[in-house]
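# Geometric and topological summary
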Amino acid sequence: MDVALRAKGITARLALVLSTAAMALASGSAVPGEEEEEPPPEDEERVSSQALLILVTLLIAALLTSYYLQRWRIRVVHETVLSIFAGMVVGLVLRFSTGSYIKRMVTFDHTVFFNMLLPPIILNCGYNLQKTAVARNMTAVLLFAFVGTVISAVVIGVLVQVYSLTGIESIGFTLLDSLILGTILSATDPVTILAVFEQLRVDPKLFSIIFGETVFNDAVAIVLFATLSTLRASGQDFGLHALPAMAWSFMVVFGASLAVGVALGVVMALLCKHLRLYEYPSIEASLALLLPYQAYLFSNAVELSGIVSLLFCAATVRQYAYKSLSVRSQRATRYLFHLLSGLAENFVFIYLGISLFTSTESEFRPVFVVYVMVATCISRYAAIFPLSRGLNAVFKYRHPNAPSSAQPVTHEEQTMLFWAGLRGAVAVALASEVSGPRGALLRTTVLCVVVLSVGIFGGTTPQVVHLLGIRTGVAQPDSSDEDESSDDGTGVIDLRTGATQLPVSRDDTPTRLASPWSEPGLSWVSRIKSSFRSMDRSLINDFDRHYVRPLLTRQSRLPQRRVYSRRRSASNGSNHSGNLDQVAPAQSPWSSFDPDEVSYGNWASGTSDGGSPSRGRSQRPLLAREGAD
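Predicted, not measured: the structure shown is a model, and the values here were computed from it.

Thresholds applied
Numbering of residues starts from 1 in every chain and runs along the sequence as written. In view of the model being predicted, local features appear only for residues whose pLDDT reaches at least 70, and side-chain atom pairs are presented and counted only at 80 or more, with totals across whole chains, interfaces and linings using the full set of residues. Values shown for side chains rest on all heavy atoms present in the structure; no hydrogens or waters enter the calculation. Helix and strand assignments come from DSSP, with helices taken as H or I runs of at least 4 residues and strands as E runs of at least 2, each series counted from the N terminus. Accessible area is worked out with a 1.4 Å probe on protein chains only. A residue is then buried under 20% of its type maximum, exposed over 50%, and partly exposed in between. Working definition: rings of Phe, Tyr and Trp (its six-membered ring) pair if their centres are within 6.5 Å, and the pair is stacked with planes under 30 degrees apart, edge-to-face with planes over 60 apart, and tilted otherwise. The rule is short: NZ of Lys or CZ of Arg within 6 Å of the ring centre and within 35 degrees of the ring normal puts a charge over the ring. Put simply, a salt bridge is a Lys or Arg side-chain nitrogen that is within 4 Å of an Asp or Glu carboxyl oxygen. By definition, residues are in contact when any of their heavy atoms lie within 4.5 Å.

### Describing the environment of Val77
In this fold, Val77 is placed in the loop between helix 2 (41-71) and helix 3 (79-97). Taking the relative accessible area as the measure of exposure, Val77 reaches 9% and is therefore buried. Separated by 378 residues in the primary sequence, Val77 and Gly455 have C-alpha atoms spaced 9.2 Å apart.

Dropping the structure here:
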């Protein structure tokens, strides 16, 4: 009952803030004292410090709120929802109490977002990409990310164009403007959903599908937006004759961006392989951070997709350069990228909340905002449920005896995918790049839709998870703790539970699958189908392990750590504790240790290869890279 009353109180406060927001936005820029000259140079630093102080204070408050929400296990509302509404309250105060210059300092700037806030988020996604889980559901991920994004953009564009033709509120959108708005709002940003999933530890299958969809969805939406913006800038009208050129432009931009990211990731892997960077962990970790960022900036500079390049560069660095890094650099990059991503995500939501009131150019149409919000929900439905049913139908055709729970996307998962389609900062940043007579209306509408979607869908995610009966409390495949068992043949330790998955095989020979052409009684059509079905991803893993990794990854181990012991001098029998010249290397029990010859399962169980029990985790041998650090 207390939780229900608390939820009602929070809902009432949010409704009050939203009603105040509507009145403030409806007033436009007609605020007393709005026209104000910029401060002199000697006061500019002071005003900038005041603006940054406001943002940092809100960020600290958001982090403390997150601590108490997790400490007290409050699931009624999520921290991101509170962050965005706290920003709205502060923005409302700033709108009527300060000058225009400080408001411009705290207003959402798309250049700051794309160059400073978005890269850490994408870098962390690519670096900690759960390759095994995403690859297992790759068909669903690619279907929702590519086909679903296009369907969502088209549905929103068509519905907005219908609204424009009715003449209500006289928005005056052309078909190209409507499609651009649809492309902007097709970019999902379920940061709140994924954060809730991590806290609840939901089913890894559902988590991997939503995670993979949002990673690729943003890239597809940005490329589509760039293609339509180029068409709009050239003065051309949208028509069926422009579809082939748009499709070709999309494939060229996406493919070239992917190639740039992979190329710079390979450069990082080769640097780690051929240089002794492990002796300088700070330089090593800095290069692992800067090379993906360089891929992002280079692609943006040549009018490609920086987000695609950054994503695949980070994934390539993790796949091939990570194992050549020292242990200290491995830990530093994992936690540094996660830390920067978390700060950027919280900062973005605060940024959006403040910008809802501090924006000087706003054109608020309440009926149009509600209509676009409904159109966004319809487009999400059209992008999830029909594609899921088609995917399940194909699965049922190929596996007629499989139970319904084995479907690629169950009904509960489809509903959760629909609920996870809230919009975020990527849509606001793309809208900020739109100019023209209807630019202010488009930007204000997108910002309001983002705030509504985060408040409605993000704030009710825990309740929806429990209503749908989705499994929670399941151990997540944490990519930071895994050692690529599917690729290297070594086991995986879950450091939180101690559970170990032993390797299937340590054989270095490629896996040979039975050839369907040697099986009697099969027609040639069945043999061809069996040949394609036998192309399992294990063959790809074998090719990667035996051909690609030897080329890009350090094969020989780093120099072993020398374990020293103090020897008494034969002349006087004293201990030369201060003379390093008298210190001689001692025989270490791990002097011939090879990490590839010891299974992680034996470490976790407290036994070595010889069967003798160890004395706990403290007996785990230090890798040579730790000594190099």
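That shown, we press on.
### Observations regarding the packing of aromatic side chains
Considering all chains together, one arrives at 21 aromatic pairs under this definition. Every member of this aromatic cluster is reached through a ring pair, and the members are Phe108, Phe113, Phe114, Phe347 and Tyr351. Above the plane of the ring of Tyr322 lies Arg318, whose end atom (NZ or CZ) is 4.2 Å from the centre.

### As for the pattern of salt bridges
By the definition in use, this model includes eight salt bridges. Of the charged contacts in the structure, one is a salt bridge between Glu413 and Lys205, with a shortest N-O distance of 3.3 Å. Within this pair, whereas Glu413 is found in helix 16 (residues 411-419), its partner Lys205 is found in helix 10 (residues 204-233), the two being separated by 208 residues in sequence. Classification of Glu413 as buried rests on a relative accessible area of 8%. Ionic pairing is found between Arg380 and Glu213, a salt bridge with its closest N-O pair at 2.8 Å. With Arg380 in helix 15 (residues 366-398) and Glu213 in helix 10, this residue pair connects regions lying 167 residues apart in the sequence. Per residue, the accessibility class of Arg380 equals that of Glu213, and both read buried. What you see here is one network of salt bridges that share partners, running through Glu363, Arg365 and Arg438.

### Some remarks on the environment of Leu391
Along the chain, Leu391 falls in helix 15. Residue classification places Leu391 among the buried residues on the basis of a relative accessible area of 14%. In this structure, the C-alpha to C-alpha distance between Leu391 and Thr139, residues 252 residues apart in sequence, is 8.6 Å. Here Leu391 is in contact with Thr139, Ala140, Leu143, Pro408 and Val409, once residues within four sequence places are set aside.

### A word on helix 17 (residues 425-432)
Of all eight residues that make up helix 17, seven are buried, and the element is covered over most of its length. Structurally, helix 17 contributes buried residues whose contacts are with helix 5 (110-127), helix 8 (175-185), helix 10, helix 14 (327-358) and helix 18 (439-458).

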